[in-house]
Every structure is written in structure tokens, then in C-alpha cells.
Amino acid sequence: MANANNKIRFLTPKPPKPDRPLFVFLPGMDGSGLLLRPQISKLASHFDIRCLTVPADDMASWEVLVSETIALIEAEKQAGKPQRPVYLCGESFGGCLAMKTVLEAPQLCDRLMLVNPASSFRQQPWVQWGSYLTQWLPANLYPLSVIGLLPILASLGKIGRDDRRALLEAMQAVPQNTSVWRLALVRSFNVDENQLRGIKQPTLVIASGADRLLPSLVEAKLLVKVIPNAEMVLLANSGHACLLETDVNLYGIMQARNFLTKSEENLSLVNSH
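Keep in mind it's a predicted model, so treat the numbers as computed, not measured. (Residues numbered from 1 in each chain as written. Predicted model: local features only at pLDDT ≥ 70, side-chain atom pairs only at ≥ 80, totals over all residues. Heavy atoms only, no water.)

Helix and strand content of the protein chain: eleven helices and seven strands. Here the protein chain holds 273 residues, and the buried ones make up 52% of them. Taking all contacts inside the protein chain whose residues are at least 6 apart in sequence as the whole, residues at least 24 apart take part in 81%. Here the protein chain displays about 12600 Å² of accessible surface, and carbon together with sulfur accounts for 55% of that area. (Helix = DSSP H or I, 4+ residues; strand = E, 2+ residues; numbered from the N terminus. Buried < 20%, exposed > 50% of the residue type's maximum accessible area, 1.4 Å probe, protein only. Contact = heavy atoms within 4.5 Å. Areas by Shrake-Rupley, 256 points an atom, 1.4 Å probe, with all protein chains shown as cover.)

What follows is about the sheet that holds strand β2 (residues 22-26). Strand order in the open sheet formed by seven strands is β1-β3-β2-β4-β5-β6-β7, and the pairing between neighbours is mixed. A strand with exactly one partner marks an edge of an open sheet, and here the two such strands are β1 (9-11) and β7 (230-235). Across the sheet, the mean angle separating the axes of adjacent strands is 25 degrees when strand polarity is ignored. Relative to strand β3 (residues 48-53), β1 runs antiparallel, the two sharing three bridges. What sits directly across from Leu 11, in β3, is Cys 51. Of the strands in this sheet, β5 (111-115), β6 (203-208) and β7 are in contact with helix α9 (residues 216-226), which crosses β7 at around 160 degrees. (Pairing = 2+ DSSP bridges. Axes fitted to C-alpha atoms, helices over the stretch in contact; angles between N-to-C directions.)

Bringing the packing of aromatic side chains into the picture now. Applying the stated rule across the entire model yields six aromatic pairs. Ring centres of Trp 62 and Phe 93 lie 5.0 Å apart, and the angle between their planes is 20 degrees; on these two criteria the pair is classed as stacked. Taken together, the residues Trp 62 in helix α2 (residues 62-79) and Phe 93 in helix α3 (residues 93-104) connect sequence positions 31 residues apart. Here Trp 62 matches Phe 93 in class, with each residue buried. (Phe/Tyr/Trp six-rings, centres within 6.5 Å; stacked < 30°, edge-to-face > 60°.)

Our next topic: the nonpolar core. In globular proteins that are soluble, nonpolar side chains generally tend to be buried together. Core analysis: the biggest nonpolar cluster contains 55 residues, and Leu 65 and Leu 88 have the highest contact counts within it. Of all hydrophobic cores here, the second largest spans 27 residues; its members include Leu 36, Leu 43, Val 248 and Leu 260. (Core = buried A, V, L, I, M, F, W, Y, C linked by side-chain atoms within 4.5 Å.)

Okay, structure coming up:
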């Protein structure tokens, strides 16, 4: 019998709340689903949270990742309160997966959030070249390259010590061949403007102004021009891995932008009294 840990699945960081809106987090290249942790305490008061986790040795195609993500969301919807809203949040690599998921199954998602989506990968030539070099690195140098990438991936001074350690561990847990495969997926990612115009869900595109890895601000401006109901949120001093930063409050951003559904607004009012 297959080990459940070797399958794409949802982590449930807090006890399930089937009567609350469902918040689904799709992670970055690490695939761990663990790096939403600084945001969970604030989100958990209002949402039933699920974090997608992709096994470290998984080398599924976009098509397989999308179909399995859709199946997981459908199962959660059936298990919870009928018609409860679904908020889909994709960060970096997960932003690409979120776009593909919404385009494939628009009925599953009521709100879409894209956090520094890696759809901007094609705009950054040095990252593209570097992604090819990953496969040629000697195995003993690959762990060192991961450590060297940390200051580019994150504004480390804005992240607590435990979360810095969690970020490094999540990155080091991904084998070199898996990194090569996922970089190839991002290079091949292609969603054209006509497809983006078909995304009807209210959408928040969160862009870090100090992203040293990808041109996230340029990409966010492009996406909000094309996606009909999209709005950009600029985190002027944040790095690529902004959700780990202590002063970034994802729920607060959603609230300030009037991004919550009516049922969630009512729940928020009840919780504040």
C-alpha cells in the first residue's frame, strides 16, 4: 500500500472548521506547505486552512498537479458546509499552479490570491540561465548553492529566526533532480492574456517591491491589467518570500482591500465583538 506521505495531499495546520470558508495555500518551489506558518494564527480565526504539500521526490507534470489539486479541493468542499467560499492562495511556483487550477476548474474558487507568482520567470534572463545551471552542479555543491540563494530569496532581516531555519530546511529537503524538474516546469509555464481574461474571480496580486529573485512588481502590473477583477497590493520593502516576514499580515491585507466574501465579513464582525 502506498505511503500517504508520498502523495500530493493537504496539510491541516489547525483543527478543521467545516463551517468556515476554506483557505487553500499552494506553496512555492519547496512544495512543503509549511511556510505559511507566520500567517496561520490570524487566518485560523476566520478560515478552515489547508496547505498543499508535494513530496520532495515528486516530478509530476502541470496537468497532474492541477488535476490532483482540483480533486483535493473538491473533496474538502464536499466534506464541509455546502456552498462555503473557497479562497485559493498561490505563492511563487504555487501562483502558477493557482492560475492553472482556476482556469481548469473556475467553479471551485471564489477568491484568488497570487503572491509574487513565478509566472514572471520568463522576464528574468539571469534566473532562466541559472535554472539550467542547476542540473550541472556537482552533487556536493548543490547544498551550498541552496544556502547561497537564501539572501536572494528572502529579506532575512525581516524574518524571525525560527522561520529562517524553516525556510532553509524546506529548501534543503528538495533534492537536486526535483529542483531541476520544477525549474523546467516554471520555464514551460505559459498562460496567455486571453486565458487570463477568463479569470472572473476577484483577485489580489501581492507584489514585493524588494524581490531580488523575480520581477514581481512588473508581473503584478501586467496581471492586474489583464485579469478583469484584479487589484495589486505592493509590499514596498518585502522580499520574495514575503509571507514569512513578521510585519506582513495576509488576513489584514485581505480585510483592508475589502476582499472578503459577505459570509466572511459577517464572521469577522462577530469575532471582533
